[in-house]
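Summary of structural features
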Amino acid sequence: MVRGHALTERTGGKIAFLHPGRLDTPTGGYAYDRDLIAALERAGMEVEVHGLGDGYPFPDEATLAQAASVLSALPDGALTLVDGLAFGVLDGVVAPHARRLRLVALVHHPLAHESGLEPGEALLLEEAERRALALARHVVVTSNHTARALHEDFGVSEDRISVVEPALALALPPLRETEVPPAHGPRRLLCVGSLIARKDHGTLLSALARLADRSFHLDLVGSLELAPVHADQIADTIARLGLSDRVTLHGALPRDALETLYANADLYVLTTLYEGYGMVFAEAMAHGLPIVATGEGAVRDTIPEAAGIVCENGAVTDVATAIAGLLDDPQRRLDMGAAARTHAETLPDWDTQAARLLSVLGRILGPEEAK
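So, a few notes on the structure that sits alongside this text.

Procedures and definitions
- Residues numbered from 1 in each chain as written.
- Predicted model: local features only at pLDDT ≥ 70, side-chain atom pairs only at ≥ 80, totals over all residues.
- Heavy atoms only, no water.
- Helix = DSSP H or I, 4+ residues; strand = E, 2+ residues; numbered from the N terminus.
- Rg over C-alpha atoms; globule rule 2.2 N^0.38 Å.
- Buried < 20%, exposed > 50% of the residue type's maximum accessible area, 1.4 Å probe, protein only.
- Contact = heavy atoms within 4.5 Å.
- Areas by Shrake-Rupley, 256 points an atom, 1.4 Å probe, with all protein chains shown as cover.
- Lys, Arg positive; Asp, Glu negative; His and termini not counted.
- Charge placed at Lys NZ, Arg CZ, Asp CG, Glu CD.
- Disulfide = S-S within 2.5 Å.
- Core = buried A, V, L, I, M, F, W, Y, C linked by side-chain atoms within 4.5 Å.
- Pairing = 2+ DSSP bridges.
- Axes fitted to C-alpha atoms, helices over the stretch in contact; angles between N-to-C directions.
- Polar contact = N/O pair within 3.5 Å; in protein donor to acceptor, adjacent residues only side chain to side chain.

Quick look at the overall build of the chain
If you tally the helices and strands in the chain, you get 15 helices and 12 strands. Its C-alpha atoms give the chain a radius of gyration of 21 Å, near enough to 21 Å, the size a compact globule of 371 residues would have. The principal-axis extent of the C-alpha atoms belonging to the chain is close to 65 × 45 × 35 Å. In the chain, buried positions account for 53% of the 371 residues. Taking all contacts inside the chain whose residues are at least 6 apart in sequence as the whole, residues at least 24 apart take part in 72%. Looking at the chain as shown, the accessible area adds up to about 15,700 Å², and 52% of this sits on carbon and sulfur atoms. Charge-centre separation for the chain: the mean point of 31 positive side chains lies 4 Å from the mean point of 51 negative side chains.

Listed below in structure tokens is the structure:
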């Protein structure tokens with residue numbers, strides 16, 4: 001706990017937190033925001049939460065007007081933390097307030113690194129985010145990989161970047177069995193990730209289609225609402241590959257239902273293309289699950305070698321081989337799951353990360369400026 005932290009006193013104990021869309025959106029980025037806000041409040045800060053409208057990272061004029069109204073209403077000198085999904089395209093809106101507000105950008109990953117963008121869209125996002133980041137007093141990122149990307153690709157100096165990685169939000173579940181359990185029914189595979197292009201569920205499904213001689217069932221959990229057309233395509237792919245009896249497409253689930261799936265799972269699988277951190281991997285490791293994954297960005301930094309197998313993006317054959325190997329070797333699954341759980345036990349909690357953020361903010365503001 002960091003109640004009474006010096007920054008609390010020097011800022012009047014207030015932080016304005018600005019976010020795009022709905023804060024209850026079931027994604028890792030929004031979960032980070034929610035957990036951080038709660039931890040800051042436990043630390044004694046008063047967090048004023050303001051919505052910036054919908055449609056990011058391609059906001060329309062009405063959304064930009066809403067964002068401008070929110071920023072204009074903040075008092076001079078307000079310590080203002082803005083989620084990067086919005087901040088990166090608000091360069092024109094932010095510019096008039098860059099001197100009077102203490103603006104801090106919270107970047108999960110660069111907007112231009114999202115999958116499924118047209119080249120022209122990616123270029124526009126990159127240029128806008130470069131301009132926006134230049135206006136921030138400081139930039140907080142969720143992984144060392146994102147820190148390197150902002151420095152090397154967006155020209156943000158290293159002294160203006162601080163890393164506050166996601167914390168483990170859940171209490172550690174009970175330890176799993178330490179002996180190989182007897183076989184009973186198909187092995188349960190679990191994948192948690194919104195049905196969007198970046199998660200590349202197609203590679204996973206294509207890999208599973210090659211394992212017709214193995215006994216498994218995949219529970220695929222993730223919001224169907226963020227990209228409904230893409231979600232429909234995934235459902236079509238499941239049917240086309242003949243996996244309808246071996247894959248359950250759940251959509252987003254409440255926590256208790258998800259916990260049941262974690263408890264019953266034998267293996268966690270996610271063939272994402274890119275992650276700024278990968279909070280679901282930490283969650284899977286906390287449940288003692290071995291992992292098969294793909295992904296650029298921070299994926300390899302998040303998953304220790306002893307806890308999982310990380311393949312190249314789109315490597316259907318390698319993913320199929322990795323999954324088959326773990327399905328066929330229960331002792332190896334058990335050993336990797338134990339290593340995953342051991343790693344998860346070293347991860348920080350949210351109160352620790354809130355203290356880290358407050359320390360960062362205290363350093364960048366300085367004792368006089370923060371008054």
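Concerning the state of the cysteines
All told, the structure shown has zero disulfides when counted by the stated rule. The structure places no disulfide on C191, whose sulfur is separated from the nearest cysteine sulfur, that of C311, by 14 Å. The exposure class assigned to C311 is buried, which follows from its relative accessible area of 8%.

Let's talk about the nonpolar core
Ranked by internal contacts, the top residues of the largest apolar core, which has 57 residues, are L189, L208, L218, Y268, V269 and I323. In terms of residues, this core owes the most to one element, helix α13 (residues 316-328), which gives eight residues. In this structure, I323 is in contact with L189, L204, L208, L211, L267, V269 and V292, ignoring residues within four places of it in sequence. Residues Y56, V93, L101 and V156 belong to the second largest nonpolar core, which totals 34 residues.

What to know about the sheet that holds strand β2 (residues 46-51)
Across the sheet, which stays open at both edges, the six strands sit in the order β2-β1-β3-β4-β5-β6 with parallel pairing between neighbours. Edge positions in the open sheet fall to β2 and β6 (161-163), since each of these has one partner strand only. When strand polarity is set aside, the average angle formed by the axes of neighbouring strands in this sheet is 25°. Relative to β2, strand β1 (residues 14-19) is paired through six bridges, and the arrangement is parallel. Paired with K14 across the bridge in β2 is E46. In the packing of helix α7 (residues 144-154) onto the sheet, contacts are made with β4 (102-107), β5 (138-141) and β6, and the angle to β6 comes to roughly 165°.

Things to note about the side chain of T272
By the secondary structure assignment, T272 is in strand β10 (residues 267-275). At 3.3 Å, the side chain of T272 forms a polar contact with the backbone oxygen of R198. A distance of 2.7 Å separates polar atoms of two side chains, one belonging to T272 and the other to E275. Contact partners of T272, with chain neighbours within four places excluded, come to R198, K199, F281, T294, G295, V299 and N313.

Some details on the sheet that holds strand β7 (residues 187-192)
In any sheet, the strands associate via hydrogen bonds between backbone groups, in a parallel or an antiparallel arrangement. With parallel pairing, six strands are arranged side by side in an open sheet as β9-β8-β7-β10-β11-β12. Each edge of the sheet is formed by a strand with only one pairing partner; in this case those strands are β9 (247-251) and β12 (308-311). Here the strands of the sheet are splayed against their neighbours by 25° on average, with no regard to which way each runs. In this sheet, strand β11 (residues 291-297) lies alongside β10 in parallel orientation, the contact comprising six bridges. Paired with Y274 across the bridge in β11 is E296. Across the sheet, helix α10 (residues 255-264) lies against β7, β8 (216-221), β9 and β10, angled at about 135° from β7, the strand it touches most.

So far we have only geometry, and geometry alone does not tell us how the molecule works.
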